[in-house]
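Chain residues, written in single-letter form:
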Amino acid sequence: MRFALFGNTYQAKKSSHAEQMFRLLERHHAQLCINREFYHFLANDVHLKMPHVELFDDNRFQADMVISLGGDGTFLKAASHVGRKGIPILGINTGRLGFLADISPEEMEDTFNEIHAHHYRTEERSVLQLKCDDKQLMKAPYALNEIAVLKRDSSSMISIRATVNNSLLTTYQADGLIVATPTGSTAYSLSVGGPIIAPDSKTIALTPVAPHSLNMRPIVICDDREITLEVESRSHNFLVAIDGRSESCRENTRLVISKADYTIKVVKRFDHRFFDTLRHKMMWGADIR
């Protein structure tokens, strides 16, 4: 098999597991190409002895599987470069929680043995697409987790008029609004009170950030709907964050959000289940008294 590797380029200690991974891939006679930025980070900052492999930039690669070595943020970066290639992504977690990257370094050997034996499964995760007339936002308009509209200054809230399939939903008076996929329901959306959604539920969650009205609650809709957002702000601009990548946007920009025409494939071991992850990593339902 041919693997393409992306990794965390900020914390040297967390990237040291790459050396073990190189040995495991070599044992299985796998081909490897590495993101150029990550390769130079491992060589110059981590001081690893690097194998002689092909390097690539951005999305200019071909592989049977992509490896993300880091946390969920690294996984999102890898997913943005995979895009509509349809290449499955294996997330090895050297970060903290790890919902997308849920393979621990201790599981790498067993995981690569299973992949070599073709004993693994893939989950298809939906992606959101943003359409607007802002050229900067249109450079990377796809989100695996969420698209968030947020106030830019620290003083006043913004007004967000939301319609679903041209029917008025409501006007949010809030610090922002998060439009999340089921994958993103356990990320930013969850931290502001959004619902946990099973990955295969074919839905989208709209979660307000610090709403002015106490009865303004999150809502879940079918993912075949088109969401249109129009924002008013005292500062006449606001932020749009696409999987954490933020850009300033003009007040009169009309944002249209819908499900993209492709999915991201996530590699899973057969004994890794979503509800197990909830219980074990988030202590979901645990009585800690």
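An account of the accompanying structure is given in this report. If you're wondering where the values come from, they're calculated on a predicted model, not measured in any experiment.

### Section: the environment of Phe-38
Here is step 1 of the chain: Relative to the assigned elements, Phe-38 resides in helix H3 (residues 36-44).
Here is step 2 of the chain: Excluding residues within four positions of it along the chain, Phe-38 makes contact with Leu-5, Phe-6, Gly-7, Asn-8, Thr-9, Ser-15 and Leu-69.

### A look at the nonpolar core
Here is step 1 of the chain: Counting residues in hydrophobic clusters, the biggest one holds 27 residues, and the most contacted among them are Leu-130, Leu-229 and Val-240.
Here is step 2 of the chain: When residues of this core are traced back to their parent elements, those giving at least two are strand E6 (121-131), strand E8 (146-151), strand E9 (158-164), strand E11 (176-180), strand E12 (203-209), strand E14 (227-232), strand E15 (237-242) and strand E17 (254-268).
Here is step 3 of the chain: Counting residues per element, this core draws most heavily on E9, which supplies 4 residues.
Here is step 4 of the chain: Apart from the residues within four sequence positions on either side, Leu-229 is in contact with Val-149, Ile-160, Arg-161, Ala-162, Leu-177, Val-179, Thr-253, Arg-254, Leu-255 and Ile-257.
Here is step 5 of the chain: Ranked by size, the runner-up nonpolar core spans 26 residues in total, among them Met-21, Phe-22, Leu-24 and Met-65.

### Notes on the pattern of salt bridges
Here is step 1 of the chain: Per the counting criterion, the structure on display carries 17 salt bridges.
Here is step 2 of the chain: Measuring nitrogen to oxygen at the nearest pair gives 3.1 Å for the salt bridge that ties Arg-36 to Asp-57. Taken as a pair, Arg-36 in helix H3 and Asp-57 in the loop between strand E3 (54-56) and strand E4 (65-70) lie far apart in primary sequence, 21 residues in all.
Here is step 3 of the chain: Taking the relative accessible area as the measure of exposure, Arg-36 reaches 32% and is therefore partly exposed.
Here is step 4 of the chain: A relative accessible area of 27% means that Asp-57 is categorised as partly exposed.
Here is step 5 of the chain: Between Glu-123 and Arg-121 there is a salt bridge whose closest N-O contact spans 2.9 Å. Accessibility classification places Glu-123 together with Arg-121 in one group, the buried group.
Here is step 6 of the chain: What you see here is one network of salt bridges that share partners, running through Glu-107, Glu-114 and Arg-269.

### As for the packing of aromatic side chains
Here is step 1 of the chain: The tally for this structure, following the rule as stated, stands at 7 aromatic pairs.
Here is step 2 of the chain: Seen from their ring centres, Phe-6 and Phe-56 are 5.3 Å apart, and the 75° between their planes marks the pair as edge-to-face. Taken together, the residues span a long stretch of sequence, with Phe-6 in strand E1 (residues 2-7) and Phe-56 in strand E3 at a distance of 50 residues.
Here is step 3 of the chain: Assessed through its relative accessible area of 2%, Phe-6 is described here as buried.
Here is step 4 of the chain: For Phe-56, a relative accessible area of 3% puts it in the buried group.

### Overview of unusual backbone geometry
Here is step 1 of the chain: A positive phi angle, near 50°, is found at Asp-58, a position not held by glycine.
Here is step 2 of the chain: With respect to the helices, strands and loops of the structure, Asp-58 is situated in the loop between E3 and E4.
Here is step 3 of the chain: Residue classification places Asp-58 among the partly exposed positions, given a relative accessible area of 40%.

Cut-offs used in this document
Residues numbered from 1 in each chain as written. Predicted model: local features only at pLDDT ≥ 70, side-chain atom pairs only at ≥ 80, totals over all residues. Heavy atoms only, no water. Helix = DSSP H or I, 4+ residues; strand = E, 2+ residues; numbered from the N terminus. Contact = heavy atoms within 4.5 Å. Core = buried A, V, L, I, M, F, W, Y, C linked by side-chain atoms within 4.5 Å. Buried < 20%, exposed > 50% of the residue type's maximum accessible area, 1.4 Å probe, protein only. Salt bridge = Lys/Arg side-chain N within 4 Å of Asp/Glu carboxyl O. Phe/Tyr/Trp six-rings, centres within 6.5 Å; stacked < 30°, edge-to-face > 60°.

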